[in-house]
Amino acid sequence: MRPLLLHLDHFGSFREPVIVDFSDTEYFALVGPTGAGKSTIIDAVCFALYGTVPRWGREGAVAHALAPSVNAGKVAMVFDSDGRRYGVVRAMVRDAKGAVRTKEARLDELDPAAPLEQAFEAVLKPLAEGEGVTPEAQRVTGLEYRFFTQCVVLPQGRFAEFLHAAPRERQDLLVQLLDADVYELIRQRAAREEESSRQEASFARDQLAKLTGATEEAERELAERLAALRRLSEAIGSDLDLLRAREADIRRAEQERAAVAERQAVLARLAMPEAVPTLAAARRAAAAAVERLAGEVATLEADEHEAFEALAALGDRGAPRAALAALDARERLAADAARTRGESAEAAAALEGLAAAAAAAEQAVAQVEERRERLRDAHAAAHLVHRLAVGEPCPVCHHPVTELPLHQSPADMRTADRALAQARERAQRARAAHAKAETSASMLARQAERLEAELAGLPAPGDRAELEARLAAIAKADSVAGEARAAVRAARGRLQRARDHAEQVERQEASAWQALESARDRLLVSGGRLVTDGRLVADGRSGPDGSFGPDGRSGSDGSSGSDGSSGSDGSSGSDGSSGSDGRSGAGRPDDAPPPLVRDDLHRAWSELLSWRDRAADAARAVLAACEERLAEARDRLAADRRRLAERLAEHGVTPPRDASPDQLGAAVAGTLARAEGALDRLKEERRRAADLENRAAMKEHEAKVAHELALRLRANAFERWLCAEALAVLVASASETLRELSDGQYELALADKTGDIEVIDHGEAGMRRSARTLSGGETFQAALALALALSGAVARSLDSIFLDEGFGTLDPATLDTVATTLERLAAGQDRMIGVVTHVPALAERVPVRFEVRRDGKGSHVHKTGIAL
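Asks: Explanation requested: the environment of Arg-681 in the structure shown.
Replies: With respect to the helices, strands and loops of the structure, Arg-681 is situated in helix 14 (residues 661-714). Along the sequence, Arg-681 and Ala-214 sit 467 residues apart, while their C-alpha atoms lie 9.2 Å from each other.

Asks: Just to check I follow, could you spell out the side chain of Ser-197 for this structure?
Replies: When you line up the elements, Ser-197 lands in helix 6 (residues 182-209). Not counting residues up to four positions away in its chain, the partners in contact with Ser-197 are Lys-699, Glu-702 and Ala-703.

Asks: Where do I start with the confidence of the model for the protein in this structure?
Replies: If pLDDT is low for a region, its predicted coordinates should not be looked at in detail. Considering every residue of the protein, the mean pLDDT works out to 79; 86% of them sit at 70 or more. Confidence drops under a pLDDT of 50 for residues 528-590, and excluding neighbours within four residues, the segment shows 107 contacts in the predicted structure.

Asks: How should I be thinking about the sheet that holds strand 12 (residues 767-770) in this particular structure?
Replies: Backbone-to-backbone hydrogen bonds join strands into a sheet, with any given pair of strands oriented parallel or antiparallel. In spatial order, the strands read 10-11-12; together these 3 strands make up an open sheet with antiparallel pairing. Each end of this open sheet is capped by a strand with a single partner; those strands are strand 10 (746-750) and strand 12. Neighbour-to-neighbour, the strand axes of the sheet open up by a mean angle of 35 degrees, direction not taken into account. Pairing between strand 10 and strand 11 (residues 757-761): 5 bridges, direction antiparallel. Across the sheet, the residue bridging to Ala-749 is Glu-758, located in strand 11.

Asks: When you look at the packing of helix 8 (residues 237-269) against helix 14 in this model, what are you seeing that I'm missing?
Replies: When two helices pack together, their arrangement is given by the angle between the helix axes and by the axis-to-axis distance. Packing of helix 8 against helix 14 leaves a shortest axis separation of 9 Å and a crossing angle of 160 degrees. With respect to helix 14, the axis of helix 8 lies roughly antiparallel. Both helix 8 and helix 14 take part in a crossing whose hand is right-handed. Counting all contacts with helix 8, which are made through Leu-240, Leu-243, Arg-244 and Glu-247, the residues of helix 14 involved are Pro-661, Asp-662, Leu-664 and Gly-665.

Asks: Is there a simple way to think about the nonpolar core in this case?
Replies: Core analysis: the biggest nonpolar cluster contains 49 residues, and Leu-6, Phe-11, Phe-47 and Phe-79 have the highest contact counts within it. Top element by residues in this core is helix 1 (residues 38-50). It accounts for 9 residues. Leave out the neighbours within four places in its chain, and Phe-11 touches Thr-40, Asp-43, Ala-44, Phe-47, Trp-56, Ala-65, Lys-74, Val-75 and Met-92.

Asks: Teacher, can you tell me more about the pairing of strand 5 (residues 84-94) here?
Replies: Look at any regular strand and the pattern is simple: side chains alternate between the two faces of the sheet. Strand 5 sits mainly inside the fold: 10 of its 11 residues count as buried. Direction of pairing for strand 4 (residues 72-81) relative to strand 5: antiparallel, over a ladder of 10 bridges. Paired with Val-78 across the two strands is Gly-87, which belongs to strand 5. What sits between the antiparallel neighbours strand 4 and strand 5 is a turn of 2 residues, in which Asp-82 has the positive phi angle 55 degrees. For strand 5 and strand 6 (residues 100-110), the ladder comprises 10 bridges, and the chain directions are antiparallel. Within the sheet, the bridge partner assigned to Val-88 lies in strand 6 and is Leu-107.

Asks: Got a minute to help me understand the packing of aromatic side chains in this structure?
Replies: In total, this model carries 6 aromatic pairs according to the counting rule given. Seen in terms of ring centroids, Phe-11 and Phe-47 are 5.4 Å apart; in terms of plane orientation they differ by 40 degrees. Their pairing is tilted. Taken together, the residues span a long stretch of sequence, with Phe-11 in the loop between strand 1 (2-9) and strand 2 (18-21) and Phe-47 in helix 1 at a distance of 36 residues. The class for Phe-11 is buried, based on a relative accessible area of 1%. An angle of 85 degrees between the planes, with centres 5.5 Å apart, marks the rings of Phe-28 and Phe-850 as edge-to-face. Pair noted here: Phe-28 is in strand 3 (residues 27-31) and Phe-850 is in strand 15 (residues 848-855), with a separation of 822 residues, a long-range link. In terms of burial, Phe-28 and Phe-850 fall into one category: buried.

Asks: Help me understand the sheet that holds strand 6, please; the structure alone is not making it clear to me.
Replies: Read from one edge of the open sheet, 6 strands run 2-1-4-5-6-7, paired in antiparallel fashion. Lying at the two open borders of the sheet, with one neighbouring strand each, are strand 2 and strand 7 (123-129). Going from strand to strand, the sheet's axes swing by 15 degrees on average, the running direction of each strand aside. In the packing of helix 2 (residues 133-141) onto the sheet, contacts are made with strand 4, strand 5, strand 6 and strand 7, and the angle to strand 6 comes to roughly 35 degrees.

Asks: Got a minute to help me understand unusual backbone geometry in this structure?
Replies: The backbone phi angle of His-398 is positive, close to 70 degrees, even though this residue is not glycine. Residue position: His-398 is located in the loop between helix 10 (318-385) and helix 11 (413-457). We classify His-398 as exposed; its relative accessible area is 62%. You will see that Ala-765, though not glycine, has its phi angle at about 60 degrees, which is positive. Given a relative accessible area of 78%, Ala-765 falls into the exposed group.

Rules used throughout
Residues numbered from 1 in each chain as written. Predicted model: local features only at pLDDT ≥ 70, side-chain atom pairs only at ≥ 80, totals over all residues. Heavy atoms only, no water. Helix = DSSP H or I, 4+ residues; strand = E, 2+ residues; numbered from the N terminus. Contact = heavy atoms within 4.5 Å. pLDDT = per-residue confidence, 0-100. Pairing = 2+ DSSP bridges. Axes fitted to C-alpha atoms, helices over the stretch in contact; angles between N-to-C directions. Parallel < 35°, antiparallel > 145°, perpendicular 65-115°, else oblique. Left-handed = near helix turned anticlockwise from the far one by under 90°. Core = buried A, V, L, I, M, F, W, Y, C linked by side-chain atoms within 4.5 Å. Buried < 20%, exposed > 50% of the residue type's maximum accessible area, 1.4 Å probe, protein only. Phe/Tyr/Trp six-rings, centres within 6.5 Å; stacked < 30°, edge-to-face > 60°.

And the structure:
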């Protein structure tokens, strides 16, 4: 991972947007005073990739990303990794409760050909958002968070301790640096795997115990039973056909019995309607009533005609009614005119009094106005007295004043004003009353004149008594005509009801005849299908043993002829003799219902009911014979079914009780299918038992291996062995790096007896000495070599390394060695080296410097120096 462009906006101590450009930098230093924000830039690189920073303590914490006074911030970085370019953005926000949370996080693959300042706009494809950014960042960089903090930001101080530590302390420190406690996790996992494998093996054994019946012998027995069932299934067809034939015989016998029972039911339902005995007398009475009511209607219609002619002779009642209405209107108009004239006279008389009152009110107003004027003059004089002086000219008469007048205080002017206003109000009311009365008198006079003129223009009135007598005569004639019409309507209603009753009687009689004909027709149909000896139903003929041919006909021995016809004795007449054509004589005229004689309904019904009684006796005898043949057919079916059931039971087939042939066949097929399924299940159980046996053995072996692994990892010697092996690898790798950093002067090695780290000094003929004898700069070289060795063990290809190490305590010579070492580390390698320091002597030797300063507005970055 190699950072190219870092953008900070309100992150940590950076309160304003800042862009740090690493694109043309191989070796740089972050310089500035303590607390200026140098380490915050390294924190921003780590936060952009993983969403957290080691200095913040708990992994995943983001509370320190924003200053207390800031509500939102953002970190964005463009970086290259494994030949591809990526852009990562994380935005933070402070919610209403003051908690800091990540508002946005995304990781995109960018177009490497785009200008760096436009990189975030050249997205090739989005890779992750939200919580998926950190795992995706680990994938594209190849570094987990904990390895990034160990390899990219090197823990130099810990490796100086590691270089000088005692073997036991070095082992503890190595366990921490190498994360060797993972083997304890492996031991715990092995213990869990052991327990899990033992449980799975136990479960497999328990399941295997449930399959004890899955044996080869059981499989052989099931196979033999299946073969027997298959033979039974092939041979049972003829038995089922016999049962179907027996059931067909029973169905024909039941049809024969049903036909006889149906005829018996038809005979039993035959009954004479209740109204038949009285229908003839009712029809005659209805005809007489219709004739009588028709004559009554004719008489009443003649009376109605005479009454309406008398009413028409009196004329229309509209003219006398109009004359009476005109007479009433004339009388009302005369009364209105007289009343209006009287009201007009009264109004004229009242005008004189109102005029006098108005004049008196006007005179009173004049008097009050005069008194008010005099009072006003008195007030003016009283006011003028105070300005007069003896000898001075009077302002009124212009004569010299000889003596000052003496005036009493006049009355209040406001009282005079109120009196004048009241007088004027009374005068106004009097004038208004006079004007209103004058207007009303004028209107009443004009109204009276108009009414009198209308009255004079009306025609002469008629005689009221004559008009009222004429209207009374017309009303009486109209009443007589209405009564005559009502009488006619009532008589016509009675006549119509009599006719309806006569028609109803006729319909009842016709219905009774129709019912009689229908009943006789039904008896004719059923009567032609019955043989009195009970051997024929619906043209079906049976042999003496009750068996039937294919079409229901049988010969003398019960077998059917080739054409289905019976032998010479295969049929009989109603008296037991055979017809010449072999058919029953049941349809002969002697057995038919009596013919209908339509002159007397009651007698026809009586003859039919007498015949019905004789036919019912014959039907009961036939029904008994049918019941006997049906019982014999059922006995034969039961015997055949019982023999088949015993045979099925021998093969373990249990059909339903009273099963049909199809159900018996289905039972055999079902038993066969179940046997096949049982055999298949048994084979599957045997296969499953073999699998369970193999699985139990495998899990028991895995449990044994896990147990052995846990025992090996539980031993205390394992940690010592592991640390010794890791230390040997680290020292060998660090030795190569140290030889390059020291121009071949120094190598590292382990002491054979003590296990301490020693230095091989080729400048002293390969002398071995303790690492504690190294100077400060040499110690830094050795510690850096160890750090790089561990980084190489964790991540083989590191594109950038940041050294956040305190160099302030080094003397000038040591500091020179450190600077030379860093220069050699940066030279000749495709790797970015970053140093965080506030030592000017070291910073001046770094070609590119990012100067970090902090003021009241936050931290700021300024790039100086020349890139390599």
